[in-house]
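Next come the chains, spelled out residue by residue.
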Amino acid sequence: MIEVTPGIYRMPLPLPIPTLSHINTYLVRGDNGSLLIDTGWNTKEAFDSLKKQLADDGIDGREISRIVVTHAHPDHYGLAGELENLFGATLAFHHLEKDFIETRYVNMDELIQELGQWLHRNGVPPDRLAELQKASLPMLRFVTPTLPDTTLYGGETITCGDFNFEVLLTPGHAPGHICLYEPDKKMLFSGDHLLPTITPHVGLHPQSSSNPLGDYLDSLKQLKKLEVDLVLPGHEQPFTEFKDRIEGITLHHQLRNAEIMGALGHDSKTAFELTTEITWLHDVNGVGWYKLGNWDKRMAILETLAHLEAMRAKGELEKFNKDDIRYYRLPQKAEGNE
Ligand SMILES: [Zn+2]
Ligand SMILES: [Zn+2]
């Protein structure tokens, strides 16, 4: 447990995936109950690590009266159900995330069917469909589904000790992702919206908005207006270069757009084809998408789609259907309109 500022502690918890070493859970201490921000996956390692970090600092977990999760991804939300019970705490998260708990973590058959259709229509060949469609099922065992006691909408203030956190809706990485902003202390709990070196995943899928990358960049732009001296992210280390980081991520997405446009040229291509033709992060030798695991492959397709739809929303691309498959191309001039 690391004290980041008087009254606020960071507790890194282990994650069972090689590409991401830990999730940051934060404890904000107050006289009338403490606040826990994000929870970790529901694994024994994470659960034991959290209990040990509290115990090592002589903190009785029962002082935690409230838990807020920034969004309902397994790494931030998975342990929430267990911890609510353990601490006797209440749970709060955004209503847009609440809407997905049932379909994502309890009765998933419909979502898996829908995702299969979605991948098919975006050009995934039939022989690859099943493995990509079901790529997220192994994650389910890391989540104890639970609904919030308090549903957030954005604009609320959560007070704990000397801190007054404004709830900011920052959609993009997840539709109901929130950040917590402390205007006097100029601190921001950024969840997965803003990370110091990783570019947060933004994907288009059946449970995203129609233009999640547009939403993401808009909410980054809104955030940039704030005065922030310290960012407390959901992964990696706290950092201070708030505006530089926003600019860096914005530039990254412009470069990705350019790369996709380069791969498209004057052809018509599906999101799947384009995904296999551009570079990916874990792809050190430039071999490409085919080297990724199924989970990463699927995220890559959904990311490419998010870029394509963001460019389409700006009129830089158009989409057409042929035999139930969606293709993207540069906008065609109307006939006789030369
Ligand atoms: Zn996330
Ligand atoms: Zn995360």
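Definitions and cut-offs
- Residues numbered from 1 in each chain as written.
- Chains lettered and ligands numbered in written order.
- Predicted model: local features only at pLDDT ≥ 70, side-chain atom pairs only at ≥ 80, totals over all residues.
- Heavy atoms only, no water.
- 1 Å grid on protein atoms, 1.4 Å probe; cavity = no way out; pocket = protein on both sides within 12 Å on 5 of 7 lines; lining within 4 Å.
- Points joined across faces, edges and corners; volume = space filled by probe spheres on them.
- Nonpolar A, V, L, I, M, F, W, Y, C, P; charged D, E, K, R; others polar.
- Helix = DSSP H or I, 4+ residues; strand = E, 2+ residues; numbered from the N terminus.
- Salt bridge = Lys/Arg side-chain N within 4 Å of Asp/Glu carboxyl O.
- Buried < 20%, exposed > 50% of the residue type's maximum accessible area, 1.4 Å probe, protein only.
- Pairing = 2+ DSSP bridges.
- Donors = N, O, S within 2.8 Å, 3.2 Å for Na, K, Ca; no water.
- Tetrahedral: all angles 85-135°; square planar, octahedral: opposite > 155°, others 65-115°.
- Axes fitted to C-alpha atoms, helices over the stretch in contact; angles between N-to-C directions.
- Polar contact = N/O pair within 3.5 Å; in protein donor to acceptor, adjacent residues only side chain to side chain.
- Contact = heavy atoms within 4.5 Å.
- Left-handed = near helix turned anticlockwise from the far one by under 90°.
- Lys, Arg positive; Asp, Glu negative; His and termini not counted.

Draft legend 1. Seen up close, empty space enclosed by the protein. All told, the structure shown has one cavity of 30 Å³ or more when counted by the stated rule. Of the residues assigned to the lining of the largest cavity, the class counts are three nonpolar, three polar and one charged.

Draft legend 2. Inspection of the layout of surface pockets at higher detail. Counted as a void, the second largest pocket has a volume near 340 Å³. At the level of elements, α7 (212-224), α8 (242-264) and α10 (294-313) are the ones that each hand at least two residues to the lining of the second largest pocket.

Draft legend 3. Fine view of the pattern of salt bridges. Scanning the entire structure with this criterion turns up 14 salt bridges. For Lys 269, the salt bridge is made with Glu 277, and the minimal N-O distance between the two is 2.7 Å. According to the relative accessible area criterion, Lys 269 is buried, its value standing at 11%. One continuous salt-bridge network, built from bridges that share partners, spans Glu 309, Arg 312 and Lys 319.

Draft legend 4. Molecular detail of the pairing of strand β3 (residues 22-28). In terms of residue burial, β3 counts as a mostly covered element, since seven of its seven residues are buried. Burial along β3 is two-sided: His 22, Asn 24, Tyr 26 and Val 28 facing one way and Ile 23, Thr 25 and Leu 27 facing the other are all buried. Relative to β3, strand β2 (residues 8-14) is paired through seven bridges, and the arrangement is antiparallel. Across the sheet, Pro 14 pairs through a bridge with His 22, a residue of β3.

Draft legend 5. Structural view of the coordination of the zinc ion (ligand 1). Coordination of the zinc ion (ligand 1) by the protein comes from His 71 (NE2), His 73 (ND1), His 173 (NE2) and Asp 192 (OD), over a distance range of 2.1 to 2.3 Å. Every donor counted, the four donor atoms about the zinc ion (ligand 1) form angles of 90 to 173° at the centre, which fits irregular coordination. Going along the chain, you hit the donors of the zinc ion (ligand 1) in the pattern H-x1-H-x99-H-x18-D.

Draft legend 6. Structural detail: the sheet that holds strand β11 (residues 187-191). As summarised here, the arrangement of the five strands in space is β8-β9-β10-β11-β12, forming an open sheet in which the pairing is mixed. Bordering the open sheet on either side are β8 (157-160) and β12 (230-233), each of which pairs with just one other strand. Averaged over neighbouring strand pairs, the angle between their axes works out to 25° when direction is ignored. By the bridge criterion, four bridges tie β11 to β12 in an arrangement that is parallel. Across the sheet, Gly 191 pairs through a bridge with Pro 233, a residue of β12.

Draft legend 7. Here's a closer look at the side chain of Thr 304. By the element assignment, Thr 304 lies in helix α10. Taking relative accessible area as the criterion, Thr 304 reaches 1% and is therefore assigned buried. Here the side chain of Thr 304 touches Thr 275 through a polar contact of 3.0 Å, side chain to side chain. Discounting chain neighbours no more than four positions away, the residues touching Thr 304 are Ile 260, Ala 271, Leu 274, Thr 275, Ile 278 and Trp 280.

Draft legend 8. Summary view of the packing of helix α5 (residues 109-121) against helix α6 (residues 126-133). Where α5 meets α6, the closest approach of the two axes is 10 Å, and the angle between their N-to-C directions is 140°. As α5 runs across α6, the sense of the crossing is right-handed. Between α5, through Ile 112, Gln 113, Leu 115, Gly 116, Leu 119 and His 120, and α6, the contact on the second element is made entirely by Leu 129, Leu 132 and Gln 133. Taken together, the residues of the contact of α5 with α6 sort by class into five nonpolar, four polar and no charged.

Draft legend 9. Main features of the sheet that holds strand β1 (residues 2-5). Here seven strands make up an open sheet; going across it, the order is β1-β2-β3-β4-β5-β6-β7 and the pairing mixed. For this open sheet the edge positions go to β1 and β7 (150-152), each flanked by a neighbour on one side alone. The sheet shows a mean angle of 25° between the axes of neighbouring strands, taken without regard to direction. Of the strands in this sheet, β2, β3 and β5 (64-68) are in contact with helix α1 (residues 44-56), which crosses β2 at around 150°. On the sheet, helix α4 (residues 95-106) packs against β6 (90-94) and β7 and is oriented at approximately 105° with respect to β6.

Draft legend 10. Looking closely at the side chain of Glu 182. Mapped onto the elements, Glu 182 comes out in strand β10 (residues 178-182). Buried and without a salt bridge, Glu 182 has Lys 185 as its closest oppositely charged side chain, separated by 4.2 Å. Among the polar contacts made by the side chain of Glu 182, one reaches the main-chain amide nitrogen of Asp 184 at a distance of 2.9 Å. Within polar-contact distance, the side chain of Glu 182 engages the backbone nitrogen of Lys 185 at 2.9 Å.

Draft legend 11. How the structure looks around the coordination of the zinc ion (ligand 2). At 2.1 to 2.7 Å from the zinc ion (ligand 2) lie its protein donor atoms, namely Asp 75 (OD), His 76 (NE2), Asp 192 (OD), Asp 192 (OD) and His 235 (NE2). When the donor residues of the zinc ion (ligand 2) are listed from N- to C-terminus, their spacing reads D-H-x115-D-x42-H. In this structure, the zinc ion (ligand 2) is positioned 3.6 Å from the zinc ion (ligand 1), and both are ligated by Asp 192. One end of the pair, His 76, is in helix α2 (residues 74-77); the other, His 235, is in the loop between β12 and α8, with 159 residues separating them in the sequence. What makes His 235 buried here is its relative accessible area of 2%.

Remember that the coordinates give geometry; whether it matters functionally is a separate question.
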